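Understanding the architecture of this molecule
Spelled out from the first residue to the last, the chains are:
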Amino acid sequence: MEMCAGPWSEQVMDHFMNPRNLGEMEGADSFGIGGDILCGDSMILFLRIRGDVIVDASFLVQGCVAAIASSSVTTELVKGKTLEEAKRILPEDISNALGGLPEHKMHCSVLGAAAIGDAVRRYEEPRGAQ
Ligand code: FES
């Protein structure tokens, strides 16, 4: 794990200290993985889906302060969204929801967006293609 230098926004510190929806989800309808091969950090996003709406989300993460905060806020961003809406969530949306990330930590917000895309793709693929 890379050393993390601040300064962090209040929102980053809040999500880091009190991660929302942390943990594996029993009976999840899908999951997605986001990882950064350079720093070695990764997250798994679990989704509960009803119709085409994401009704619940949780996560596991191994990573830096920004990765933990990004993963946490990602679960908040996807809840209540349709699959189509969730697919349009960008790393910038995750960073903005955290009050911004330092330039050199922007890549950490990519984990969440990648995990959303992977989870939705996995859900939409025909069974057996997972
Ligand atoms: Fe790897 Fe933040 S340093 S995700």
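The notes below deal with the structure included here. It should be emphasised that the depicted structure is a prediction, and the values quoted were computed from it without experimental measurement.

Scoring rules and cut-offs
Residues numbered from 1 in each chain as written. Predicted model: local features only at pLDDT ≥ 70, side-chain atom pairs only at ≥ 80, totals over all residues. Heavy atoms only, no water. Helix = DSSP H or I, 4+ residues; strand = E, 2+ residues; numbered from the N terminus. Rg over C-alpha atoms; globule rule 2.2 N^0.38 Å. Buried < 20%, exposed > 50% of the residue type's maximum accessible area, 1.4 Å probe, protein only. Contact = heavy atoms within 4.5 Å. Areas by Shrake-Rupley, 256 points an atom, 1.4 Å probe, with all protein chains shown as cover. Lys, Arg positive; Asp, Glu negative; His and termini not counted. Charge placed at Lys NZ, Arg CZ, Asp CG, Glu CD. Phe/Tyr/Trp six-rings, centres within 6.5 Å; stacked < 30°, edge-to-face > 60°. Lys NZ or Arg CZ within 6 Å of the ring centre and 35° of its normal. Expected span 1.5 Å × (residues − 1). Core = buried A, V, L, I, M, F, W, Y, C linked by side-chain atoms within 4.5 Å. Salt bridge = Lys/Arg side-chain N within 4 Å of Asp/Glu carboxyl O.

**Structural notes on the overall build of the protein chain**
For the protein chain, the helix and strand inventory stands at five helices and three strands. In the protein chain, the succession of α and β elements from N to C terminus is α-β-β-β-α-α-α-α. Against the globule reference of 14 Å for 130 residues, the protein chain gives a C-alpha radius of gyration of 14 Å, in line with a compact fold. Taken over 130 residues, the protein chain has a buried fraction of 43%. Counting contacts in the protein chain only where the partners sit at least 6 residues apart, residues at least 24 apart contribute 61% of the total. Carbon and sulfur atoms make up 54% of the accessible area of the protein chain, which amounts to about 6700 Å² in all. Of the side-chain charges in the protein chain, 11 are positive and 19 negative, and the distance between the mean point of each set is 6 Å.

**Some points on the environment of isoleucine 94**
Along the chain, the position of isoleucine 94 falls in helix α4 (residues 91-97). Of the residues examined, isoleucine 94 reaches a relative accessible area of 0% and is grouped as buried. A sequence separation of 25 residues divides isoleucine 94 from alanine 69, and the C-alpha atoms of the two residues are 9.4 Å apart. Discounting residues that sit within four places of it in the chain, isoleucine 94 has contacts with Ser70, Val73, Thr74, Leu77, Ile89, Ser109, Gly112 and Ala113.

**Section: the side chain of threonine 74**
For threonine 74, the location among the structural elements is in helix α2 (residues 65-78). Not counting residues within four places of it along the chain, the set of residues in contact with threonine 74 comprises Leu45, Ile94, Gly112 and Ile116.

**Some thoughts on the packing of aromatic side chains**
Taken as a whole and judged by the stated rule, the model has zero aromatic pairs. Looking at arginine 122, its charged tip hangs above the ring of phenylalanine 31, at a distance of 4.1 Å from the centre.

**Details of α2**
Taking 1.5 Å as the rise per residue, α2 with 14 residues should run 20 Å; its terminal C-alpha atoms sit 20 Å apart, in good agreement. Within α2, twelve of the 14 residues are buried, which leaves the element mostly enclosed by the surrounding structure. Buried-residue contacts for α2 involve α1 (10-17), β2 (42-50), β3 (53-62), α3 (83-87), α4 and α5 (110-124). Looking one or two residues past α2, glycine 80 carries a phi angle of roughly 85 degrees, positive in sign.

**A few points about α5**
Relative to the 21 Å expected for 15 residues at 1.5 Å per residue, α5 spans 21 Å between its end C-alpha atoms, a close match to the ideal helical length. Residues of α5 that are buried include every one of Leu111, Gly112, Ala113, Ala115, Ile116, Asp118, Ala119, Val120 and Arg122, and no others. Close packing links the buried residues of α5 with β1 (30-35), β2, α2, α3 and α4.

**Details of the nonpolar core**
Counting 29 residues, the largest nonpolar core has Val12, Leu45, Leu47, Ile54, Val78, Leu98 and Ile116 as its most contacted members. Elements with a minimum of two residues in this core: β2, β3, α2, α3 and α5. Each residue touching valine 78, except ones within four places of it in the same chain, is listed here: Leu47, Ile54, Ala57, Ala86, Ile89 and Ile116.

**Observations regarding the pattern of salt bridges**
Taken as a whole, this structure holds nine salt bridges when the rule is applied. Arginine 20 is the salt-bridge partner of glutamate 76, the closest N and O atoms lying 3.6 Å from each other. Of the two residues, glutamate 76 sits in helix α2 while arginine 20 sits in the loop between α1 and β1, which places them 56 residues apart along the sequence. Classification of glutamate 76 by relative accessible area gives partly exposed; the value is 40%. Residue aspartate 29 pairs with arginine 50 through a salt bridge whose shortest N-O separation is 3.0 Å. Here arginine 50 lies in strand β2 and aspartate 29 lies in the loop between α1 and β1, a separation of 21 residues in the sequence.

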